[in-house]
Amino acid sequence: MTNNRLRIAVQKSGRLSKESHLLLRRCGLKFNVDERRLITRVDNLPIDILQVRDDDIPGLVMDGVVDLGIVGENVLEEVELERQAANKACQYQKLKPLDFGRCKLSIALPEEFDYQGLASLQNKRIATTYPYLLKRYLQERDIEFQECLLKGSVEVAPRAGLADGICDLVSTGATLEANGLVETQVIFESQSAIVQSAVTQSDEKQALIDKLMSRINGVIKARE
Ligand code: ATP
Ligand code: ZN
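Residues numbered from 1 in each chain as written. Chains lettered and ligands numbered in written order. Predicted model: local features only at pLDDT ≥ 70, side-chain atom pairs only at ≥ 80, totals over all residues. Heavy atoms only, no water.

### Regarding the coordination of the zinc ion (ligand 2)
- Ligation of the zinc ion (ligand 2) by protein atoms is provided by Asp-54 (OD) and Asp-55 (OD), these donors lying 2.1 Å from the ion.
- Taken together, the four donor atoms coordinating the zinc ion (ligand 2) and their angles of 75 to 172° define a geometry best described as irregular.
- Exposure remark for Asp-55: the relative accessible area of 36% places this residue in the partly exposed category. (Donors = N, O, S within 2.8 Å, 3.2 Å for Na, K, Ca; no water. Tetrahedral: all angles 85-135°; square planar, octahedral: opposite > 155°, others 65-115°. Buried < 20%, exposed > 50% of the residue type's maximum accessible area, 1.4 Å probe, protein only.)

### As for the site of ligand 1
- Near ligand 1 you find 15 residues, and of these Gln-11, Arg-15, Arg-53, Asp-55 and Asn-74 are the closest.
- With respect to ligand 1, the backbone of Arg-15 contributes an N or O atom lying 2.8 Å from an oxygen atom.
- One of the side-chain N or O atoms of Arg-53 is found 2.7 Å from an oxygen atom in ligand 1.
- Contact with the protein chains covers 76% of the free accessible surface of ligand 1, which is 640 Å².
- Along the lines of polarity and charge, the residues of the shell around ligand 1 split into four nonpolar, six polar and five charged. (Near = heavy atom within 4 Å. Polar contact = N/O pair within 3.5 Å; in protein donor to acceptor, adjacent residues only side chain to side chain. Areas by Shrake-Rupley, 256 points an atom, 1.4 Å probe, with all protein chains shown as cover. Nonpolar A, V, L, I, M, F, W, Y, C, P; charged D, E, K, R; others polar.)

### Considering the environment of Gly-218
- Mapped onto the elements, Gly-218 comes out in helix 6 (residues 203-223).
- Using a relative accessible area of 36% as the deciding quantity, one classes Gly-218 as partly exposed.
- Along the backbone, Gly-218 and Arg-26 are 192 residues apart, and their C-alpha atoms lie at a distance of 9.6 Å. (Helix = DSSP H or I, 4+ residues; strand = E, 2+ residues; numbered from the N terminus.)

### What to know about the sheet that holds strand 6 (residues 103-110)
- Pairing within the open sheet is mixed, and its five strands lie in the order 8-7-9-6-10. On the outer flanks of this sheet lie strand 8 (146-149) and strand 10 (181-190), each paired with one strand and no other. Mean inter-strand twist for the sheet, computed between neighbouring axes without regard to direction, equals 25°.
- Strand direction decides the pairing type here: strand 6 and strand 9 (residues 165-170), joined by five bridges, are antiparallel. The partner of Ser-106 across the bridge, within strand 9, is Asp-168.
- Running over the sheet, helix 3 (residues 73-85) touches strand 9 and strand 10 and is turned about 80° from strand 10.
- Across the sheet, helix 4 (residues 131-139) touches strand 6, strand 7 (125-128), strand 8, strand 9 and strand 10, and the angle it forms with strand 10 is around 95°. (Pairing = 2+ DSSP bridges. Axes fitted to C-alpha atoms, helices over the stretch in contact; angles between N-to-C directions. Contact = heavy atoms within 4.5 Å.)

No statement about biological role is implied by the geometric values presented.
Okay, here's the thing in structure tokens:
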């Protein structure tokens with residue numbers, strides 16, 4: 001399977017999509033996105049844009065299926081830890097953090113929880129979509145916890161009696177409040193980043209990546 005066009009994976013539809021497209025357009029890439037299609041061809045450069053779920057982006061980069069990816073560091077590090085644990089390829093190169101998609105992963109507890117610091121979490125059950133980031137954080141602090149893995153509706157788990165607390169992405173705190181939860185500990189601060197596969201590139205592709213990165217640096221500098 002040979003492919004001479006550079007492949008960049010971006011989130012198909014979600015919080016990172018618009019900014020990812022905008023950044024690529026500001027770098028001079030010309031394309032029309034059709035959300036129903038997996039691949040969008042860039043008209044004026046040998047680049048294909050792959051539109052996928054954000055969760056798939058780190059694996060596609062680490063497996064060398066795509067050359068570049070734009071994804072949140074939260075998802076990137078979670079997948080890296082997960083793949084490390086499974087002995088799967090988990091190499092990549094972070095080319096640059098990008099100035100969008102900022103959010104934090106936090107532990108939040110019910111208002112009535114008597115929280116006296118991290119030790120209060122000992123052996124508690126915590127609902128999360130990010131079990132590896134949570135485990136890394138708590139293990140480094142000698143806290144054991146019980147896992148409740150949920151890909152959605154994390155914030156309702158305590159009220160539903162499934163967990164004692166949660167570890168989830170927080171931006172405004174409105175969702176937490178609506179569910180009677182209080183943010184108690186930030187465990188990871190995230191923004192989006194552009195990452196490159198560790199698979200060795202042809203000289204042509206690497207030259208194109210270098211050109212794209214110099215444009216991205218220019219776009220980011222101009223905004224500062
Ligand atoms: P997908 O269907 O692609 O799996 P998703 O529902 O997992 O989408 P989104 O809610 O679109 O994902 O969030 C994508 C990423 O945006 C998150 O992983 C995080 O990096 C970042 N993000 C999350 N919340 C915010 C926020 N409030 N503001 C900005 N960026 C955020
Ligand atoms: Zn996702």
